[in-house]
Amino acid sequence: MIGKLKGSIEEIDEDHVLIDVHGVCYVAFCSARTLSRLGSPGEAAVLFIETYVREDQLRLFGFESALEREWFRLLQSVQGVGAKVALAVLSTLTASELANAIALQDKAMVARAPGIGPKVAQRIVAELKNKAPAYSGEAGDAIGLKQELGEGLASAPVADAVSALANLGYSRDQAANAVAAAMKNAGEGADSAKLIRLGLKELSR
C-alpha cells in the first residue's frame, strides 16, 4: 500500500503526473487543481496517495495535501460518486469551498463541477452535512460563524462587522471569512470597529 510519494516530476499530462522515485516512475492521477500546483519536469514533488487495487488494475491517485485526500475518500461515500466525479469536484472547489458549500447546503456551488448534476450535488451536500466540519480545516471557524449568522445567533459586534464589510462591496462569504479570521486576533469582547479593522486587514492580504 502506497500512502505518499516523494520524488521528482518526470512528466505532467492532462489528468496525471509521472513521479520518479529513485528510478522507479509512478503514475498518479490527480485533480486539475493539484496538477496546476506542481512544478515543472525535473522539480521535486510530494504527493499524498490513495491506492486503488482492483482485480484487473492498480491505480494511484495523488493529492497535494492529506486534507484533499480525505475529501476524495469522503466524497466517494456518497451514492453515485466515484473516483472520476470526486476528482472533478476537487478540481473545481478547494477543500474550504467544499466544506462551506456542504455546511451551507449550497448544492449550486457543488454543481459547478463538470459532470455533477443537480441530483448528485444534492446528495453530496445532504449526505456529508454532518461530516464536513471534521475536514474543513481553517474553514471551520468561518463555517460556524456563517451558521450563527444564518440562525441569528451571532453577537451584535460580529454581525455588524460582517454587514459593514459586505456594505463595502465584499461578498457575504468574504466578509464572514474575514471576520472569522479577525476574531482569532481580536480576543473576546472585541467591538465591531476592531473586527472591521482587522477584517479589512485580512481582506487586503
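Residues numbered from 1 in each chain as written. Predicted model: local features only at pLDDT ≥ 70, side-chain atom pairs only at ≥ 80, totals over all residues. Heavy atoms only, no water.

A.B. asks: Could you give me a rundown of the overall build of the chain, with the residues and numbers involved?
C.D. replies: Broken down by element type, the chain carries 10 helices and 5 strands. Residue pairs at least 24 apart in sequence account for 51% of intrachain contacts in the chain once pairs closer than 6 positions are excluded. When the accessible surface of the chain is totalled, it reaches about 10900 Å², and 49% of it is carbon and sulfur. (Helix = DSSP H or I, 4+ residues; strand = E, 2+ residues; numbered from the N terminus. Contact = heavy atoms within 4.5 Å. Areas by Shrake-Rupley, 256 points an atom, 1.4 Å probe, with all protein chains shown as cover.)

A.B. asks: Requested: an account of the pattern of salt bridges, with residues and values cited.
C.D. replies: All chains considered together, the criterion is met by 3 salt bridges. Two residues, Glu50 and Arg73, come together in a salt bridge whose shortest N-O distance is 2.7 Å. Within this pair, whereas Glu50 is found in strand S4 (residues 44–54), its partner Arg73 is found in helix H2 (residues 66–75), the two being separated by 23 residues in sequence. In this structure Glu50 comes out as buried when scored by relative accessible area, which is 14%. The residue Arg73 makes a salt bridge to Glu70 at a minimum N-O spacing of 2.9 Å. Of this pair, Arg73 and Glu70 are both found in helix H2, 3 residues apart, which corresponds to roughly one turn of the helix. Given a relative accessible area of 35%, Arg73 falls into the partly exposed group. (Salt bridge = Lys/Arg side-chain N within 4 Å of Asp/Glu carboxyl O. Buried < 20%, exposed > 50% of the residue type's maximum accessible area, 1.4 Å probe, protein only.)

A.B. asks: Summarise unusual backbone geometry; cite the residues concerned and give the values.
C.D. replies: Residues other than glycine seldom take positive phi values, yet His22 does so here, at roughly 55 degrees. Residue placement: His22 occurs in the loop between strand S2 (16–21) and strand S3 (24–30).

A.B. asks: Now, about the environment of Ala101: what can you tell me, with residues and values included?
C.D. replies: Looking at the secondary structure, you find Ala101 in helix H4 (residues 95–103). When its relative accessible area of 1% is taken as the criterion, Ala101 is described as buried. Each C-alpha atom, one on Ala101 and one on Lys129, is 9.4 Å from the other, the two residues being 28 residues apart in sequence. In this view, Ala101 contacts Asp106, Met109, Val110 and Val125; residues no more than four positions away in its chain are not counted.

A.B. asks: Give a detailed account of the pairing of S2, specifying residues and quantitative values.
C.D. replies: Looking down a regular strand, the side chains alternate between one sheet face and the other. In terms of residue burial, S2 counts as a mostly covered element, since 6 of its 6 residues are buried. Burial along S2 is two-sided: the residues His16, Leu18 and Asp20 and Val17, Ile19 and Val21 are all buried. Here strand S1 (residues 4–12) pairs with S2 via 4 bridges, running antiparallel. Within S2, the position partnered with Ile9 by the bridge is Ile19. Between the antiparallel neighbours S1 and S2 lie 3 residues. Bridge count for S2 against S3 is 6 bridges, and the pairing is antiparallel. Looking across to S3, one finds that Ile19 is bridged to Tyr26. (Pairing = 2+ DSSP bridges.)

A.B. asks: Describe helix H6 (residues 118–127), with residues and values.
C.D. replies: At 3.6 residues per turn, the α-helix brings residues three or four places apart onto the same side. Of the residues making up H6, those classed as buried are Val120, Ala121, Ile124 and Val125. Buried residues of H6, viewed axially, fall in a sector of 130 degrees; they line one side. Across from the buried face of H6, at angles greater than 90 degrees, the exposed residues are Pro118 and Lys119. On its buried face, H6 sits against H2, helix H3 (83–92), H4 and helix H5 (107–110). (Arc of directions from axis to C-beta.)

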